[in-house]
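# Structure assessment
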Amino acid sequence: MEQKTKVSAEDGKQDLVITREFDLPLALLFKACTEADIVEQWMGTKVLKLESKKHGSYQLETKDGNGNVVFKANGVIHEFIPDRKITRTFEMENAPFGVQLELYEFERLTDNTSKLNMHVIYESGALRDQVLQLPFAQGINWAHNRLQDVVSKLK
Amino acid sequence: METRRDVFQAIADPTRRAILSLVALQAMTPGAIAENFDSKRQTISKHIQILNECNLLIQKQSGREIYYQFNPKKMKEVAAFIEPFRKMWDDRFNELETVMKKYKPKQ
């Protein structure tokens, strides 16, 4: 089966492109990326603030079962064109990955299908490669947290 | 042969990527590969050598000729590097699709 989400990260470059076609009308795809209560559901993180407008800003936060903050990120929205484009920065707090520039382009394919093109630019190629490898480390942490949850319920 | 270069360095070059796409279809001699490029044969030989050192090629001797073929096993390592990241976004986007298919506009 063909992969629905594609990542293109050329060696030696400091950017990457994520593309995905959705079985959703363009308006619903755009809404899913701009309304806090919906973003929370698919991103798996709390949205403390999301001002979906030019010069708006946003804050994300995830806590583990014990209430410890395990992920915190923020950014500002530079450009906001409904159903077409969002340009924003993204910075993970307390992490050595710098600030990344994200360009989200939304495209209508048919009445019921749409496409998202995410172009992410990092401060350097080395930082990009570190972020690419993050899910390896996160996977281990998440598994560990889940294990802790299970163990703490046994007590 | 000892590998002294990494596979990412090998695929960074557009000519080398073009060579890989040629030998992915069929085993070819260095001469046949070089015919597909405007570059000097020596330049192409050098690219083949680098790909070979990275184990991206399988070498086969047939009489006096050496044939090169793409080694898909090695290429999987490259894909594996970004696969967890891709999977993370794929999971999120699948969830986005599920959430929005159930979405009912607020009154």
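Residues numbered from 1 in each chain as written. Chains lettered and ligands numbered in written order. Predicted model: local features only at pLDDT ≥ 70, side-chain atom pairs only at ≥ 80, totals over all residues.

### Some thoughts on the overall build of chain A
Within chain A, the secondary structure is distributed over three helices and eight strands. Listing the helices and strands of chain A from first to last along the sequence gives β-β-α-α-β-β-β-β-β-β-α. Here chain A, with 155 residues, has 15% of them falling under the buried criterion. (Helix = DSSP H or I, 4+ residues; strand = E, 2+ residues; numbered from the N terminus. Buried ≥ 20, exposed ≤ 12 C-beta atoms within 10 Å, placed from the backbone.)

### Quick word on the confidence of the model for chain A
Residue and element names in this part refer to chain A. Mean pLDDT over chain A works out to 87, with 85% of the residues at or above the 70 mark. Taking the mean pLDDT of every element in chain A, the minimum, 63, falls on helix H3 (residues 125-154) and the maximum, 98, on strand E7 (residues 99-108). When the criterion is pLDDT under 50, residues 140-144 qualifies, and its contacts beyond four places in sequence or with other chains add up to zero contacts. (pLDDT = per-residue confidence, 0-100. Contact = placed C-beta atoms within 7 Å.)

### With respect to the interface of chain B and chain A
Opposite the 19 residues of chain B that make contact, chain A presents 21 residues. Broken down by element, the residue count for the side of chain B that touches chain A peaks at 15 residues, all from helix H5 (residues 72-101) of chain B. Of the residues belonging to the side of chain B that touches chain A, the class tally is 14 nonpolar, no polar and five charged. (Nonpolar A, V, L, I, M, F, W, Y, C, P; charged D, E, K, R; others polar.)

### A short note on the nonpolar core
One finds B:Val23, B:Ile33, B:Ile48, B:Leu51 and B:Leu57 to be the most contacted residues of the largest nonpolar core, which totals 15 residues. Going through the elements one at a time, helix H1 (7-11), helix H2 (14-25), helix H3 (30-34), helix H4 (41-53) and strand E2 (65-70) of chain B are the ones with two or more residues in this core. If one sorts the elements of this core by residue count, H4(B) sits on top with three residues. Sequence-distant contacts of B:Ile33, defined by excluding residues within four places in its chain, comprise B:Ile19, B:Leu22, B:Val23, B:Met28, B:Ile44 and B:Ile48. If you look at the next biggest cluster of nonpolar residues, it comprises 11 residues, including A:Leu26, A:Leu29, A:Ala32 and B:Phe93. (Core = buried A, V, L, I, M, F, W, Y, C linked by C-beta atoms within 7 Å.)

### Considerations on the environment of A:Asp37
Residue position: A:Asp37 is located in helix H2 (residues 36-43). In the structure, A:Asp37 is positioned 13 residues away from A:Leu50 in sequence and 9.6 Å away in space, judged by C-alpha atoms.

### Quick word on the packing of H2(B) against H4(B)
All names here are of chain B. At their nearest, the axes of H2 and H4 sit 10 Å apart, and the two run at 75° to each other. Overall, the two elements H2 and H4 adopt an arrangement that is roughly perpendicular. Along the contact surface, H2 presents Thr15, Arg16, Ile19 and Leu20, while H4 presents His47, Ile48, Ile50 and Leu51. When grouped by side-chain class, the residues that make up the contact of H2 with H4 number five nonpolar, two polar and one charged. (Axes fitted to C-alpha atoms, helices over the stretch in contact; angles between N-to-C directions. Parallel < 35°, antiparallel > 145°, perpendicular 65-115°, else oblique.)

### Brief notes about the pairing of E2(B)
Residues and elements named next belong to chain B. Pairing geometry for strand E1 (residues 57-62) and E2, over six bridges, is antiparallel. Within E2, the residue paired with Ser62 across the bridge is Glu65. Between E1 and the antiparallel strand that follows it, E2, lie two residues; Gly63 among them carries a positive phi value of about 65°. (Pairing = 2+ DSSP bridges.)

### Some details on the sheet that holds E7(A)
Residues and elements named next belong to chain A. The strand order E1-E2-E8-E7-E6-E5-E4-E3 describes an open sheet built from eight strands, whose pairing is antiparallel. Edge positions in the open sheet fall to strand E1 (5-8) and strand E3 (46-50), since each of these has one partner strand only. This sheet shows a mean twist of 20° between the axes of neighbouring strands, independent of strand direction. With four bridges joining them, E1 and strand E2 (residues 15-22) adopt antiparallel strand pairing. Bridge assignment links Thr5 to a residue of E2, and that residue is Arg20.

### Some remarks on H4(B)
All names here are of chain B. The terminal C-alpha atoms of H4, which comprises 13 residues, lie 18 Å apart, in line with the 18 Å expected from a rise of 1.5 Å per residue. For H4, the set of buried residues is Ile44, His47, Ile48 and Leu51. Summarising the axial view, the buried residues of H4 lie within an arc of 100°, below the 170-degree limit, and thus occupy one face. Positive backbone phi, at 65°, marks Asn55, one or two positions downstream of H4. (Expected span 1.5 Å × (residues − 1). Arc of directions from axis to C-beta.)

### Things to note about the confidence of the model for chain B
The predicted coordinates of low-pLDDT regions are not to be read in fine detail. Of the residues in chain B, 91% reach a pLDDT of 70 or more, and the chain-wide mean stands at 85. Scored as a complex, the prediction yields pTM 0.68 and ipTM 0.85.

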